[in-house]
Structure formats: structure tokens, C-alpha cells
Number of protein chains: 2
Amino acid sequence: MRQAGRSLPEYRAVREGVAMLDACMRPDLIIEITMQPVRRHGVDAAILFSDIVLPLKALGLDLDIVPGVGPVIAEPITELAGVDAIPAFDATRVDFVSEAVTGLVAELGSTPLIGFAGAPYTLASYLIEGGPSKDHAKTKALMHGAPEVWRALMARLAGISAGFLRVQIEAGASAVQLFDSWAGGLSPHDYRKFVLPHSAAVLGAIADLGVPRIHFGVATGELLAAMSTAGVEVMGVDWRVPLDRAVERVQPGQALQGNLDSTLVFAPWDVVEREALRVLEAARSAPGHIFNLGHGVLPGTDPDVLTRLVDLIHSQEMPREG
Amino acid sequence: MRQAGRSLPEYRAVREGVAMLDACMRPDLIIEITMQPVRRHGVDAAILFSDIVLPLKALGLDLDIVPGVGPVIAEPITELAGVDAIPAFDATRVDFVSEAVTGLVAELGSTPLIGFAGAPYTLASYLIEGGPSKDHAKTKALMHGAPEVWRALMARLAGISAGFLRVQIEAGASAVQLFDSWAGGLSPHDYRKFVLPHSAAVLGAIADLGVPRIHFGVATGELLAAMSTAGVEVMGVDWRVPLDRAVERVQPGQALQGNLDSTLVFAPWDVVEREALRVLEAARSAPGHIFNLGHGVLPGTDPDVLTRLVDLIHSQEMPREG
């Protein structure tokens, strides 16, 4: 999950006067911002600073991230011509990511770097809606009403997601996460029919690289079983599903990542501690559990609470075999 | 679910120049707007035109519904003094609702009227956040961090919700729905500990009136089991949970309401028909199923599609025993 960001004064300082996507295209800023939470909190892994729409921007799509709004697309997609206008993935357009990852891996030493990409459904939803949406009505109407446009769009986006993940892994990322932020708004039927095959294509396309693949979406309790068949080693679980319930829905041998409610860090410390320990308790039935928030760090979070939380989790870790 | 609203030209006409909460306080408009979808679509029940924050406004709280935003509260609640300042329920402050319900019941004849109220958690979230929120961070921080303030607030709101439902039933409503719109953002643990007892208090307080009680929230798949124990005859289910899965989570003998994705009415008619029939198919394992959208009608919906959908469902209905 996102760990760098507005909760950190050092992040706000380096982002001053630099637009979000511009920051995601400068190797020096990618490295600096990725390192900030590692330095400050001592987390066990770095998360590449980027954005799920970055590869679309790098390929030349007319889009921007508008502060307080989110990604805004100049020409939303309604038909096949719009899909055809999306360029295929071209690794040379994201050289700055390769450069940043190479630099990060050198700086991080034994701390692993986790890369990520947006899943085709979530990217498609931005391209169709023209920006963030509460209900994704246009996306679902196109998905159901123009299945040939849908398939073409999802196939094009799957190629981009897979290409973007491959670049990160080949430059040295130790693991990757496929983010399907908005999949949780779909019924299980629609997810399996219209989305799963394309996410599976992304994850299948990087299987040969042999790094752990993580899959996550918010409010995906009903979809965990389906999502876990997409070709992944780790399933991210938001705070809505207790880990001891989630483990029964995913594939045998898969690890779980999560799932402290990101808002709970706004409560007094004794609450944070109690609830974090409750997550660890539920994780006893989930071998290989990776402690994390159930979603990204919220902007107003007190970073000192996060540092204290990392220390707490480290103090509870089971001894590793030598 | 909401069936009147901006999708109807006749609604936009009568609302012209009248603020939302003002419309909810005029018996003539409540009656007219409630009747509109009954006249147009021939639905099997009328849903009282109101808003979940209406009783708070009627009791004197300084709040308003801002178009494009939602309910906005002048002085968000942070401590016990704020809770103490919320008046207890007073039926004389909602005389206009009693008057409207009485008029509606006369006009509706054999068509039942369904009343509703907001559940304490959802009302509390508006009062604490000061308005709509994506993450309800302040609400959860207060819930965990100041449990005595939380309990006092929830108890006060439970009294208001129960009182508002009682007024509607005593004036002639045939059934009521308790809307916990935002409960789906809670973990099952937090829901059971901090919310369920108060929703159960609301529903228990009207048990003596003997009308069917419906309970609903969006994205509540993980909470259906808990919510179904609150004292209800019907559980509303959003489109994320197939009805044949939902029926295994609720109490034996409870009916299900739902659950066509409200956005699917934007797809071509053959899709609407196919998906509506798929809902009915899943409902075969859910005795007493009440067909409905999985959430309220979206403003951009074509009302003719809704009329056609109502006709389709009526054409599929099982013959009733005489």
C-alpha cells in the first residue's frame, strides 16, 4: 500500500511546486520519495513511488492528476476508435522508472522494493468515466452493452499493465502488486466474466520472472476467491474482511497482506496497539501473513504513530529460522 | 430504495426552486413526490419521500443538504457537550410527516407505503465528519478513542431514529427500512461492538407496532450476518452479494430485498432484462424475495427503462395464492 505521501513533511517539501505526475517521471524524486518512509519508519519493504495512471501518461494519453479530484482524462473512451488510439506499451517511454528502480535497489541494499501497476479494470474505469466516479455507471454500461469495445480496451490495458510491471521487475523490483482499486464495486458474476481474464493475463505475462505477485482491491470480500485465481502468491485484504475469514476464500498456500483499518491510526495509541494486535491474532490462521494497513496511508496521518506501529509489529514478529 | 428523484422530469419540475430539506417538510410535496414513481412505474410499494437527516433538521440541528455535496453540519460533534446539545426526539416537530403519511395512505389505497430512517451509525458519521466522508476517519477515531461520547451519541440518535419510524408507522406506513448507508465501511468486529447494539435498540423500540422491518447498507456483505440479528424481517442486499450467497448469511425465515446493480439500467435493454432475470434466478433459493435495485435510482437513469423493468418483473411473478 502507499506509504509515502502527504502525511510526511519531507514529502510535502520535495513535492512543493511539482505536479504529481511530473514527480512520478523524475528519477531523483522517485528515489527520494520512495526512500522517505523507509528511512523514517524502518518498514520492511519500500513501495515504488508512482501512480497507476503513470504508464498511460507516459505513453502519451492526455490525462492529469488534479489535486483534490484524482485522474482526469481529456477524451473519455466510448468506442473502438478511442481504444485504438491508446498506444501499445513501449518500455522506452518509462526509462525514468527503470533508472529510478536501479538506483533504489542499490540504495536499499537488503530491503526489498515492491513495484506496482493498476489493473485493467481500474484503469478502464478512469478512461471511460473521464475521472473518478462514485458508481462507475458508464464503465459498467459499456462493459455490458459493448462487449467488443470492452474486450479490446481491457486487452490493450492488460498489455500496458504487464509491460509496466515487467520493466520494474527487470530493473530489480523484488515483488509487484496489481492494484484493482475499484473492482470491489462489481458483482462476483461481472468480475469473473469481464475482469478476471484480463487481470489473469497481466499476472500470467510476468509469471516467467519468478517474483511474488500481490493482488489487491478495496471492498473485495466477495471477490477474494475469484481474484486469488488470477495467478498470485499474495492476496491483499482490506479491513472489512477478518484475516481468519479471508484465508478460507483464497487458494491454499497463498499469503495474506493486511489489514488494519487505515483510519484507526487517528485513534489514541492504546487503540492502535490493541487493534494491530487483534489483526496479528486473526493472522495466526494465515501462514506467511504480511502486516499492513488495509489501504494506503491517509494524508492526515501522524507519521509518528506509523513509526510506533512499525516498531510494535517488529516487536511481535515470530523469530525467523536462520 | 429511493425511487423518486432527479431521474423523473415531474420531480425536477416540483423541486424547482425548493431546497431538498424544505421539500421534505411540506406535506403537499412529500405526497406528490412519493406518488410520482407509483403513478409512472406502477411499483408495488411507495417509498416515503424524505431524507435520513430530516429528523435532525426538524429537531433544530443546524444542517443543510448542499446540492452536489450532501448533508453539511454547521458544528460537528467532538465531545459530550455536542451530544447533549442534540434534542431528544419530539414527534410534534415532524407533524408534517404524519400529515403526509396520512394523506398518502388514503391516496395509495391497497398499495403499501414504506417509511424509513437513517441508522444511528450513518447519522453519527455525518454529525462527526461535518458532512460526507470517503473514509470516516474522524468517526472511527471517536468511536474507538472516546467510547463514552460515542455511546451517548449513538443512544441519542437511536432514540431519534426509533421515534421517527414510530411516527411513520402510527400514521399508517405498512413497513419501514432502517438505512445504515455507511456501515459497510466498518470491520465486522467494529460493527458488532460499536453499532449493532444501537441499531438493535431502534428496531426493538418499534417491535410492538408489528410492521415488517427492513435493514440495509451498501457494501455490507461481511456484515449481513450481524445486521440480520438486529431485529428485522427483511434484509436488503446490494449487488455485490448474490442472493443465493446472502440467504446463507441471514437468519432463517428472513426475506431478502434486492439486488440488481443500479448502474445496469444504463446498459441496453437486453442486458437489463438478462441481468434482472439472473437476479430472479438467484432468488429462487431466497423465499419471500422482494425484487429491487441494489441501491437507489441514480439521477441520470432513463425512467422508461425503470417502467419496463417493473413490467418485466411483474410478468415473471409467481402466481399468488388466492
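Scroll up to find the structure this text is about.
Scoring rules and cut-offs
Residues numbered from 1 in each chain as written. Chains lettered and ligands numbered in written order. Predicted model: local features only at pLDDT ≥ 70, side-chain atom pairs only at ≥ 80, totals over all residues. Heavy atoms only, no water. Helix = DSSP H or I, 4+ residues; strand = E, 2+ residues; numbered from the N terminus. Rg over C-alpha atoms; globule rule 2.2 N^0.38 Å. Buried < 20%, exposed > 50% of the residue type's maximum accessible area, 1.4 Å probe, protein only. Contact = heavy atoms within 4.5 Å. Areas by Shrake-Rupley, 256 points an atom, 1.4 Å probe, with all protein chains shown as cover. Lys, Arg positive; Asp, Glu negative; His and termini not counted. Charge placed at Lys NZ, Arg CZ, Asp CG, Glu CD. Buried area = accessible area lost by both parts, 1.4 Å probe. Salt bridge = Lys/Arg side-chain N within 4 Å of Asp/Glu carboxyl O. Polar contact = N/O pair within 3.5 Å; in protein donor to acceptor, adjacent residues only side chain to side chain. Pairing = 2+ DSSP bridges. Axes fitted to C-alpha atoms, helices over the stretch in contact; angles between N-to-C directions. Least-squares fit on C-alpha atoms with pLDDT ≥ 70 in both. 1 Å grid on protein atoms, 1.4 Å probe; cavity = no way out; pocket = protein on both sides within 12 Å on 5 of 7 lines; lining within 4 Å. Points joined across faces, edges and corners; volume = space filled by probe spheres on them. Nonpolar A, V, L, I, M, F, W, Y, C, P; charged D, E, K, R; others polar. Phe/Tyr/Trp six-rings, centres within 6.5 Å; stacked < 30°, edge-to-face > 60°. Expected span 1.5 Å × (residues − 1).

A. Spatial organisation of the overall build of chain A. Along chain A, the regular secondary structure elements total 14 helices and nine strands. Taking 322 residues into account, the globule formula puts the C-alpha radius of gyration at 20 Å, and chain A, at 19 Å, falls close to it. Seen through its C-alpha atoms, chain A measures out along the principal axes to roughly 55 × 45 × 35 Å. Counting only residues that meet the buried cut, chain A has 59% of its 322 residues in that class. By sequence separation, contacts in chain A at least 24 residues apart represent 71% of the contacts at least 6 residues apart. As presented, chain A carries roughly 12,600 Å² of accessible surface, and 54% of it is formed by carbon and sulfur atoms. Counting 26 positive and 38 negative side-chain charges, chain A places the averaged centre of each group 4 Å from the other.

B. Just the interface of chain A and chain B, in detail. Tallying the contact residues gives 33 residues for chain A and 33 residues for chain B. With both chains or domains summed, chain A and chain B bury close to 2,700 Å², and 52% of this area falls on carbon and sulfur atoms. It is His144, Glu222 and Arg240 of chain A in chain A that bury the most area against chain B; as a group they hold 23% of the surface buried on that side. Residues aspartate 261 of chain A and lysine 140 of chain B are paired through a salt bridge, measuring 2.7 Å at the closest nitrogen-oxygen approach. Connecting chain A to chain B are 14 residue pairs in polar contact (both at pLDDT 80 or more).

C. Here's a closer look at the sheet that holds strand E8 (residues 255-260) of chain B. Residue and element names in this part refer to chain B. With respect to topology, seven strands assemble into an open sheet ordered E1-E4-E5-E6-E7-E8-E9, the strand pairing being parallel. Either end of the sheet is taken by a strand with one partner, and the two such strands are strand E1 (46-47) and strand E9 (290-293). The pairing of strand E4 (residues 113-118) with strand E5 (residues 175-179) spans five bridges and is parallel. In the sheet register, phenylalanine 116 faces E5, and the bridge partner there is glutamine 177. Where helix H9 (residues 147-170) meets the sheet, its contacts fall on E4 and E5, and the angle it forms with E4 comes to roughly 170 degrees.

D. Just the relation of the copies chain A and chain B, in detail. Of the transformation superimposing chain A on chain B, the axial component is 0.0 Å and the angular component is 180 degrees, with the fit at an RMSD of 0.0 Å. Expressed as a symmetry operation, the mapping of one chain copy onto the other fits a two-fold axis. Comparing interface residues between copies, 100% of those in chain A also sit at the interface in chain B, which points to an isologous, same-surface contact.

E. Representation of the side chain of serine 262 of chain B. Residue and element names in this part refer to chain B. Mapping serine 262 onto the fold places it in the loop between E8 and helix H13 (269-282). Here serine 262 falls in the buried class, since its relative accessible area comes to 4%. There is a polar contact of 3.0 Å between the side chain of serine 262 and the backbone oxygen of histidine 295. Look past the residues within four positions of serine 262 in its chain and what remains in contact with it is Leu293, Gly294, His295, Gly296 and Leu298.

F. Representation of empty space enclosed by the protein. In this structure the tally under the stated criterion is three cavities of 30 Å³ or more. Taken as a whole, the largest cavity encloses approximately 120 Å³ of empty space. Along its surface, the largest cavity is lined by 16 residues, and Ala219, Gly221 and Glu222 of chain A together with Ala219 and Arg240 of chain B are the ones closest to its centre. Residues belonging to the lining of the largest cavity are distributed by class as follows: six nonpolar, five polar and five charged.

G. Looking closely at the side chain of histidine 41 of chain B. Residue and element names in this part refer to chain B. Here histidine 41 lies in helix H3 (residues 27-41). Here histidine 41 falls in the buried class, since its relative accessible area comes to 5%. Only 2.8 Å separates the side chain of histidine 41 from the side chain of threonine 307, close enough to count as a polar contact. Excluding its chain neighbours within four sequence positions, the residues that come into contact with histidine 41 are Leu8, Pro303, Leu306, Thr307 and Val310.

H. Examining the packing of aromatic side chains more closely. Using the criterion set out here, one finds eight aromatic pairs over all chains in the structure. For the pair phenylalanine 116 of chain A and phenylalanine 179 of chain A, a centre-to-centre distance of 5.7 Å together with 80 degrees between the ring planes defines the contact as edge-to-face. You can see phenylalanine 116 of chain A sitting in strand E4 (residues 113-118) and its partner phenylalanine 179 of chain A sitting in strand E5 (residues 175-179), a full 63 residues away along the chain. An identical accessibility class is assigned to phenylalanine 116 of chain A and phenylalanine 179 of chain A; each is buried. Both rings, one in phenylalanine 179 of chain B and one in phenylalanine 216 of chain B, keep their centres 6.0 Å apart while their planes meet at 90 degrees; by these two values the pair is edge-to-face. On the criterion of sequence distance, the pair formed by phenylalanine 179 of chain B in strand E5 and phenylalanine 216 of chain B in strand E6 (residues 213-216) is long-range, its members being 37 residues apart. Each member of the pair, phenylalanine 179 of chain B as well as phenylalanine 216 of chain B, is classed as buried. Through a chain of ring-to-ring contacts, three or more aromatic side chains come together here, namely Phe116, Phe179 and Phe216 of chain A.

I. Structural view of helix H9 (residues 147-170) of chain A. In this model H9 of chain A runs 34 Å from its N-terminal to its C-terminal C-alpha over 24 residues, within 8% of the 34 Å that 1.5 Å per residue would give. Phi turns positive, to about 130 degrees, at glycine 172 of chain A, one or two residues after H9 of chain A.

That's the geometry; what it means functionally is another story.
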